[in-house]
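Topology and contacts: notes
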Amino acid sequence: MSRRLFIAHFEDERDIVEATKAVRAEGHEIRDVYTPFAVHGLDKAMGLKPSRLPLVCLIFGLLGATAKLWFQVWTSAFNWPVNIGGKPLASIPAFVPVTFEITVLFAGLGTVGAFLLISRLRPGRKPAASYERATNDRFVLVIVERDAAFDLERTTALCRRFHCVRVEERLEEEP
Amino acid sequence: MADGLSVLRTPLILGKKSYSDVTEEVAAPLDRTPGKEWWMAFAVSTSMLFLGIAAVTYQMLTGIGTWGLNNTVGWAFDITNFVFWIGIGHAGTLISAILFLFRQKWRTSVNRSAEAMTIFAVICAGMFPIIHMGRPWLAFWVIPYPNLRGPLWVNFRSPLVWDMFAIGTYFTISLVFWYVGLIPDLATLRDRTFSKAKKKLYGLFSLGWDGSNRTWLRYESVYLLLAGLATPLVVSVHTIVSWDFATSVIPGWHTTIFPPYFVAGAVFSGFAMVLTLMIIARKVLRFEEYITLHHIESMAKIIIATGGMVGLAYLTELFVSFYSGNEYERFALVNRMFGPYAWAYWIMVSCNVLSPQLLWFKKARTNVAFVFILSLAINVGMWFERFVIITISLTRDYLPASWDFYAPTLVEIATLTGSFGLFFTLFLLFSRFLPMIAIGEVKAVLSYGRARSVGPHASDVERARSITTDVREKVHGGAV
């Protein structure tokens, strides 16, 4: 099954935010909005929930901290203990700096890895959507035409109110 | 509170630019064939790099006797260069992470190249401990890996091991931070280029970015998290570097003031290097409307602040050396100031403490040529600071019978020259192949200080409305 998409192009960051709000208020399903930079307030206009990546960051950080602390105690006190200057074998305070570094390393790499995975960004991937100038100076609003009741005229007029410069329709294979 | 309500702030980007102007102007140097200036700079820096490679090859084949070190002074040139380069890198992280957390919007014009500078400086820094090992092919011994000698693990109580982890993490996180920031811009370049090869390359590295706002939302979240992680990281890195010295018992090294002192010095020297590079880049690549006098002035102000901290640290060291009543501490400081290397100490003081004071004057801060010369002076001064701390403290320790002298050999000087060659070569290549200014981020601040009238449809009515909204936001912000 394929579905129709209604696509409106805008030229101004304020217009896209207002248009998105209006379209959403009309009850349309917003497929996505494509912008050349992060437009503030657009996530709220689209009704997106805040990202859960901070949680991923926390989990990876804790994982890194635990693993590294355990590794240092294990190597220094259990696997091959060496008496260095009469210091205790499991000298926790001296293990803090490396534990901190590995915490940051795990948290950083884990967060970025999760981000790439969840956004399906990977080398060699073709852009899922390609809209002219969407990475340059156009803001593109994509609406799913859910049923026959979709009023093309009405939606076009709505977008025109927000200075939309171009509208088009495309067919998309249903995912 | 009257000025708290002022709506119009100084625009960050000069000239009336549309979004596509930003794309075109930032990408322009990537399309042009490099000019004569670029080739000349490239020729000089690669020659320096090859000199360095020759010097390193020679010292590896001959042995560490080619250095000026002796029994008393076991750490000198290599370690000075290491600390110097690591410090340079810190300004990049400060701009990309700390200024981001402080919502300093002017950072958007300089963060990309400052982050690149960080990465290249850390590469230069990382080479020196490896060269200093004398047998660099055994450098992997600092990594804890399963081996057949026990397994004998590294000593996790040693600051040198901490250092390896700190530098490794710092390099990795800086690289990832920089790359994540580059992804949207690489997509912009992919979509505008007509060259097939470039399209393929930019396409590969932009990971299929399409500007979806769902992705932007996550991207912003990742950016904030990385900034939050990089901020304590950058403080920890130079703290750990300073512990290499502070945990020893050498007078002049064994002080608790070192971590904050080193971090402030690192930011200080790093900003000097950012200014050196940016002042050249804005001129050569015609980025004067992006990297404006306002940017240079802001960085000059950070130099005053951090230079003040460095000056305070010098005074504190001096005070404590006398106040402690410890005769070795006192001697170490007097020896620095009036001993055989007194000239190095006074170069350090005049470049790092005295010369930045001129930046209190707005006339000086906004004079680009003057700031450029001053940034060079600070770079020199901060190199000497590390030399003063590391080498002079070692030459005369507790036992006068073991006192000795240190002078660098030509091989060591060639190695330092080589590291500068590597740094500038990498930076010049960066300026040819990647956008030096964060295109996406600059677009987002284009309307800053312009009552949001950048878009093509900002009618007067709308402009008036946006101004009232602005005021409301401000008042609200003030109440909070």
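None of the values given here were measured: they were computed from a predicted structure. (Residues numbered from 1 in each chain as written. Chains lettered and ligands numbered in written order. Predicted model: local features only at pLDDT ≥ 70, side-chain atom pairs only at ≥ 80, totals over all residues.)

**Details of the overall build of chain B**
To be explicit about the condition: Numbered from the N terminus, helices here are DSSP runs of H or I no shorter than four residues, and strands are runs of E no shorter than two. Between the two quantities, the radius of gyration covers C-alpha atoms and the globule rule is 2.2 Å times the number of residues to the power 0.38. For every residue, the other C-beta atoms within 10 Å of its own C-beta are counted; 20 or more classify it as buried, 12 or fewer as exposed, and values in between as partly exposed. C-beta atoms are placed from the backbone. Here contacts are defined at the residue level, using C-beta atoms placed from the backbone and a cut-off of 7 Å between them.
On a plain count of helices and strands, chain B comes out with 16 helices and 0 strands. Relative to the globule expectation of 23 Å for 480 residues, the C-alpha radius of gyration of chain B, 24 Å, shows essentially globular dimensions. Over its C-alpha atoms, taken along the principal directions, chain B stretches across nearly 85 × 55 × 50 Å. By the burial criterion, 47% of the 480 residues in chain B qualify as buried. Look at the contacts in chain B between residues 6 or more apart in sequence, and 82% of them connect residues 24 or more apart.

**Structural notes on the overall build of chain A**
Of regular secondary structure, chain A possesses 5 helices and 4 strands. Going from N to C terminus, chain A has its helices and strands arranged as β-α-β-α-α-α-β-α-β. Its C-alpha atoms give chain A a radius of gyration of 25 Å, more than 25% over the compact-globule value 16 Å for 175 residues. Expressed as lengths along the three principal axes of its C-alpha atoms, the size of chain A is roughly 85 × 35 × 30 Å. Taken across its 175 residues, chain A has 41% of its residues classed as buried. Intrachain contacts of chain A at a sequence separation of at least 6 include 79% that bridge at least 24 residues.

**Re the sheet that holds strand 3 (residues 139-145) of chain A**
Residue and element names in this part refer to chain A. Our working definition: Two strands qualify as a pair provided that DSSP identifies no fewer than 2 bridges between them. Here the axes come from fitting lines to C-alpha atoms, over the contacting stretch only for helices, and the angles between their N-to-C directions go from 0 to 180 degrees.
Pairing in this open sheet of 4 strands is antiparallel, and the strands run 2-3-1-4 from one edge to the other. Each edge of the open sheet carries a strand with a single partner, namely strand 2 (29-34) and strand 4 (166-173). Going from strand to strand, the sheet's axes swing by 25° on average, the running direction of each strand aside. Of the strand pairs in this sheet, strand 1 (residues 2-10) and strand 3 are connected by 7 bridges, and their pairing is antiparallel. Note that in strand 3 the partner of arginine 4 across the bridge is glutamate 145.

**Focus on the packing of helix 3 (residues 77-101) of chain B against helix 7 (residues 213-246) of chain B**
Residues and elements named next belong to chain B. Let me state the cut-off plainly: An angle counts as roughly parallel when it lies under 35 degrees, as roughly antiparallel when it exceeds 145, as roughly perpendicular when it falls between 65 and 115, and as oblique in every other case. Two helices that cross are described as forming a left-handed crossing if the nearer one is turned anticlockwise from the farther one by less than a right angle, and a right-handed crossing if clockwise. Polar here means any residue outside two lists: the nonpolar Ala, Val, Leu, Ile, Met, Phe, Trp, Tyr, Cys and Pro, and the charged Asp, Glu, Lys and Arg; Gly therefore counts as polar.
Running from N to C, helix 3 and helix 7 point in directions that differ by 155°, and their axes come no closer than 9 Å. Taken together, the axes of helix 3 and helix 7 are roughly antiparallel relative to one another. Between helix 3 and helix 7 lies a crossing whose hand is left-handed. Across the interface between the two elements, Val83, Ile86, Gly87, His90, Thr93, Leu94, Ala97, Ile98, Phe100 and Leu101 from helix 3 touch Ala227, Gly228, Ala230, Thr231, Val234, Val237, His238 and Val241 from helix 7. Residue composition of the contact of helix 3 with helix 7, by class: 12 nonpolar, 6 polar and no charged.

**Quick word on helix 13 (residues 368-395) of chain B**
Rules: Each helix should span, by expectation, one fewer than its residue count multiplied by 1.5 Å. At any given residue, the bend is defined as the angle formed between two axes, one fitted to the seven residues that end at that position and one fitted to the seven that begin there.
Here helix 13 of chain B spans 40 Å end to end across 28 residues, near enough to the 40 Å set by a 1.5 Å rise per residue. Of all the bends in helix 13 of chain B, the greatest measures close to 30° and is centred on Val388(B).

**Concerning the environment of Gly68(B)**
Residue and element names in this part refer to chain B. Within the secondary structure, glycine 68 sits in the loop between helix 2 (36-62) and helix 3. Residue glycine 68 is classed as partly exposed on the basis of its C-beta count, with 18 C-beta atoms lying within 10 Å. Once you skip the residues sitting within four places of it in the chain, glycine 68 turns out to touch Ala76, Tyr406, Ala407, Pro408, Thr409 and Glu412.

**Quick look at the interface of chain B and chain A**
If you look at the interface, chain B gives 56 residues, while chain A gives 61 residues. Of all the elements in the fold, those that place two or more residues in the side of chain B that touches chain A are helix 1 (19-31), helix 5 (159-192), helix 7 and helix 15 (439-444) of chain B. Looking at the side of chain B that touches chain A, the element that brings in the most residues is helix 7 of chain B, giving 16 residues. Of the residues in the side of chain B that touches chain A, the class split is 28 nonpolar, 18 polar and 10 charged.

**Side note on the nonpolar core**
This is how the line gets drawn: By convention the nonpolar core is taken to be a set of buried residues drawn from Ala, Val, Leu, Ile, Met, Phe, Trp, Tyr and Cys and joined through C-beta atoms within 7 Å.
Counting residues in each nonpolar core, the largest one holds 173 residues, and the members touching the most others are Leu141(A), Phe271(B) and Val274(B). Those residues within four positions of Leu141(A) in sequence are excluded, and the remaining contacts are Ala8(A), Phe10(A), Ile16(A), Ala19(A), Thr20(A), Val23(A) and Val33(A).

**Notes on the pairing of strand 3 of chain A**
The side chains of a regular strand alternate between both faces of the sheet. Residue and element names in this part refer to chain A. For strand 3, the buried fraction is high: 5 of the 7 residues fall into the buried class. Of the pairings in the sheet, the one linking strand 2 to strand 3 comprises 5 bridges and is antiparallel in character. Residue pairing in the sheet places glutamate 29 in a bridge with valine 144 of strand 3.

**Thoughts on the confidence of the model for chain B**
All names here are of chain B. So the rule is basically this: A score from 0 to 100, pLDDT tells how confident the predictor is in each residue.
Looking at chain B as a whole, the pLDDT averages 86, with 91% of positions reaching at least 70. In this model residues 1-6 is a low-confidence stretch, pLDDT under 50, and it forms 4 contacts with partners more than four residues away in sequence or in other chains. Scored as a whole, the predicted complex attains pTM 0.89, and scored at its interfaces, ipTM 0.91.

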